[in-house]
Amino acid sequence: MEIDRGADRGPEDADRLLAAADRAGAPVTAARLVAEAFLAVSRTADPAALPPFVRRLAILRARPAQPEVEFLYHAIACAVSARTGRRLGHRDPDAALRLFAAEGLHDDPLHVECAMVATLSALRPDRVRPTFAALVERWMSGDQVDAARRARFTTMLGMGDAWSGDLLRGRATLRRAHGYAVEAGRLDLQAEIVSWLAKCEALGGDLVESRRCLAAARVLAARSGSAWVGFHIAECAAALHLASGDVEAWVGVLERLVGSAVGVNSGLVFEHRWELATHHALRGDTAAAQAVIEAIQDPSLDWPGAPALPAWRAWIAAPADPAAMSWLEQALAGLNRPVERLSRARLAWLLGVQHARLGRRADAIRLLELASSEYAATGAAGLLARVAVDLHTVTEVADLATAPPVRPGGAADPSPAASAGSAGPSQVDAEAGGSRLTATERRVAAAVVDGLSNQEAARRLSVSAKTIEFHLGNIYRKLGVRNRTELARHLLR
């Protein structure tokens, strides 16, 4: 993702717009200017700097009531409460959306953008595209709106897609949004878009692109002074560490997230805590697990994932208890909203792995298959590859260490080098990597050094191509090589 070199004009625009609002005589004109200023600065401002926008609109709202001022007040207040975390106590995000529908505010780009912001702030990403895609389409070409607004429109459509479980469409839409942000010369918009792309790429399985996007997002956030992106970028890094299998890094990022308000705007503020608590509980540190989840009250039932949190809490307290595990599995049925699809898959994965640890093979397979299906349906190929490794371990369909390679047509390779007792080139070469590689990684490395493609290696080892890709990433990282050629040189030394 190339970093645009244009100047960032957002904060300067906000100052100019607020000054114009102070001079405006009509409340509607002033409210529109304040709303535009908020939209211009919201990608860079620290959350603590946002409440003054709401106070300005509240003053304008106190004058003779006008629907447009009321709508803008509620829309911006909803967004600010989400960003600052104040809605954990009380929230009423519907006022803006009711006014938007009742007052027929669909023909104004500012109104539509504010309504989209309110919809995402209300944690309803699945409603963004159905409600707004047709409305914004008319402004996506020509000069009716500038490139910055087109970038913001498209970003919210892409975020809505990805957040509600359509990762492939979300990624494609965010890439288009990035082009608009470059056209606008807005580094703050680029920073936000590229950070979300880092998360989408990680969940989708392209770990190299995810790392590249994450590095670019950090640079863009620094160049634009974006407190917003700098604040939540760890959330995107967590997805990358989880998809890459780096548990230590993932736990470290979770601890950072739990110690901050990151995730409040996306609904993950509770899931971060419960994930970290689960990690401690499954490793026998019950006190640490309880300390993490007792520091925050459960959310209201309309919060994403909330229907499963009581059962999840009970499982954390007794991670080997079949009754607690059964309750949590039953609670998965309550996670039936689009925004909860990835959470449902993750919980099925966690439960499946724990059943496998406890020797409950049938339960483990059932839940890991559920997680696989959910991740496949959302396009989360990166996490699917991780689940596939766990599922393959549990099913034990073959002893890969001794099973003969499989030809593309399905027949076993009868050559001497394929027999269990032979010391064919690939076996010797794989062992040259030393103890840094696991047994599975050595078999994958041997297949690659033999010249097999990912698909061919997958057929030989009876796994998916995504699983081969996942193991290759770990092999490259452990051995400090960048490609197949360097891997072969390393193993043939």
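Residues numbered from 1 in each chain as written. Predicted model: local features only at pLDDT ≥ 70, side-chain atom pairs only at ≥ 80, totals over all residues. Heavy atoms only, no water.

Tallying secondary structure elements over the chain gives 25 helices and zero strands in all. Counting every position in the chain, which comprises 493 residues, the buried fraction comes to 56%. Sequence-distant contacts in the chain: of pairs separated by 6 or more residues, those separated by 24 or more amount to 64%. Counting only carbon and sulfur atoms, one obtains 54% of the accessible surface of the chain, whose full area is about 20,400 Å². (Helix = DSSP H or I, 4+ residues; strand = E, 2+ residues; numbered from the N terminus. Buried < 20%, exposed > 50% of the residue type's maximum accessible area, 1.4 Å probe, protein only. Contact = heavy atoms within 4.5 Å. Areas by Shrake-Rupley, 256 points an atom, 1.4 Å probe, with all protein chains shown as cover.)

A word on the packing of helix α16 (residues 309–317) against helix α17 (residues 322–331). Across the interface, α16 lies against α17 with an axial gap of 8 Å and an inter-helix angle of 155 degrees. Between α16 and α17, the interaxial angle falls into the category roughly antiparallel. Where α16 crosses over α17, the handedness of that crossing is left-handed. Residues Pro310, Ala311, Trp312, Ala314 and Trp315 of α16 form the contact with α17, whose own contacting residues are Ala324, Met325, Trp327, Leu328 and Ala331. (Axes fitted to C-alpha atoms, helices over the stretch in contact; angles between N-to-C directions. Parallel < 35°, antiparallel > 145°, perpendicular 65-115°, else oblique. Left-handed = near helix turned anticlockwise from the far one by under 90°.)

It is worth spelling out the confidence of the model for the chain at this point. For residues with low pLDDT, the predicted coordinates do not support detailed interpretation. Of the residues in the chain, 86% reach a pLDDT of 70 or more, and the chain-wide mean stands at 83. Within the chain, the element-level pLDDT minimum falls on helix α21 (residues 425–431), averaging 36, and the maximum on helix α9 (residues 167–184), averaging 96. Residue range residues 1–9 is modelled with pLDDT below 50. Its contacts to residues more than four positions away, or to other chains, number 30 contacts. For the stretch residues 397–435, pLDDT sits under 50, and the model shows 43 contacts to residues farther than four places along the chain or on other chains. (pLDDT = per-residue confidence, 0-100.)

Using the criterion set out here, one finds 25 salt bridges in the structure. Between Arg366 and Asp363 there is a salt bridge, and its shortest N-O distance comes to 2.9 Å. In this pair, Arg366 and Asp363 are both assigned in helix α19 (residues 361–378), three residues apart and thus about one turn of the helix distant. Connected through salt bridges with shared partners, the residues Glu36, Glu113, Arg149 and Arg152 form a single ionic network. (Salt bridge = Lys/Arg side-chain N within 4 Å of Asp/Glu carboxyl O.)

Attention now moves to the packing of aromatic side chains. Enumeration according to the criterion identifies seven aromatic pairs in this entry. Centroid distance Phe38 to Phe53: 5.7 Å. Interplanar angle 75 degrees. Geometry classified as edge-to-face. Residue Phe38 is located in helix α2 (residues 27–41), and its partner Phe53 is located in helix α3 (residues 51–61); the two are separated by 15 residues in the primary sequence. Given the relative accessible area of 3%, Phe38 is considered buried. Residue class for Phe53 comes out buried when judged on its relative accessible area of 7%. (Phe/Tyr/Trp six-rings, centres within 6.5 Å; stacked < 30°, edge-to-face > 60°.)

In this section: the nonpolar core. Core analysis: the largest hydrophobic core is formed by 144 residues, its most contacted members being Phe53, Phe71, Val112, Cys114, Met116, Trp312 and Trp349. If sequence neighbours within four positions are ignored, Trp349 has contacts with Leu242, Leu368, Ala371, Tyr375, Leu383, Arg386, Val387 and Asp390. Of all hydrophobic cores here, the second largest spans 17 residues; its members include Leu437, Ala458, Leu461 and Leu479. (Core = buried A, V, L, I, M, F, W, Y, C linked by side-chain atoms within 4.5 Å.)

Along the chain, Thr378 turns up in helix α19. Here Thr378 falls in the buried class, since its relative accessible area comes to 2%. In this structure Thr378 touches Gly165, Asp166, Leu167, Leu168, Arg341 and Leu342, once residues within four positions along its chain are discounted.

As a further point, take α17. For α17, the full list of buried residues reads Ala324, Met325, Leu328 and Ala331. When α17 is viewed along its axis, its buried side chains cluster within an angular range of 120 degrees and face the same direction. Facing away from the buried side of α17 by over 90 degrees, the exposed positions are Ala323 and Gln330. If you check the start of α17, you find a side-chain oxygen 3.1 Å away from the backbone N of Ala323, and it comes from Asp321. (Arc of directions from axis to C-beta. Polar contact = N/O pair within 3.5 Å; in protein donor to acceptor, adjacent residues only side chain to side chain.)

For Leu123, which is not glycine, the phi torsion reads 60 degrees and is therefore positive. Position of Leu123 relative to the elements: it lies in the loop between α6 (109–121) and α7 (128–137).

Here we come to the packing of helix α18 (residues 341–357) against α19. Taken N-terminus to C-terminus, the directions of α18 and α19 make an angle of 155 degrees; their axes are 8 Å apart at the nearest point. Judged by the inter-axis angle, α18 sits roughly antiparallel to α19. Crossing handedness for the pair α18 and α19: left-handed. Of the residues in α19, those in contact with Arg341, Leu342, Arg344, Ala345, Arg346, Ala348, Trp349, Leu351, Gly352, Val353, His355 and Ala356 of α18 are Asp363, Ala364, Leu367, Leu368, Leu370, Ala371, Glu374, Tyr375, Ala377 and Thr378. For the contact of α18 with α19, the residue count by class is 14 nonpolar, three polar and five charged. (Nonpolar A, V, L, I, M, F, W, Y, C, P; charged D, E, K, R; others polar.)

Attention shifts here to the side chain of Thr467. In this structure, Thr467 sits in helix α24 (residues 465–479). Apart from the residues within four sequence positions on either side, Thr467 is in contact with Ala385, Ala388 and Val389.

A few words on helix α22 (residues 439–449). Those residues of α22 that sit buried are Glu441, Val444, Ala445, Ala446, Ala447 and Val448. Of the residues trailing α22, Gly451 is marked for its positive phi of about 95 degrees.

Our next topic: the environment of Leu332. Of note, Leu332 is situated in the loop between α17 and α18. C-alpha separation for the pair Leu332 and Ala345, spaced 13 residues apart in sequence, amounts to 8.9 Å. Discounting residues that sit within four places of it in the chain, Leu332 has contacts with Arg344, Leu347, Ala348, Leu367 and Leu370.

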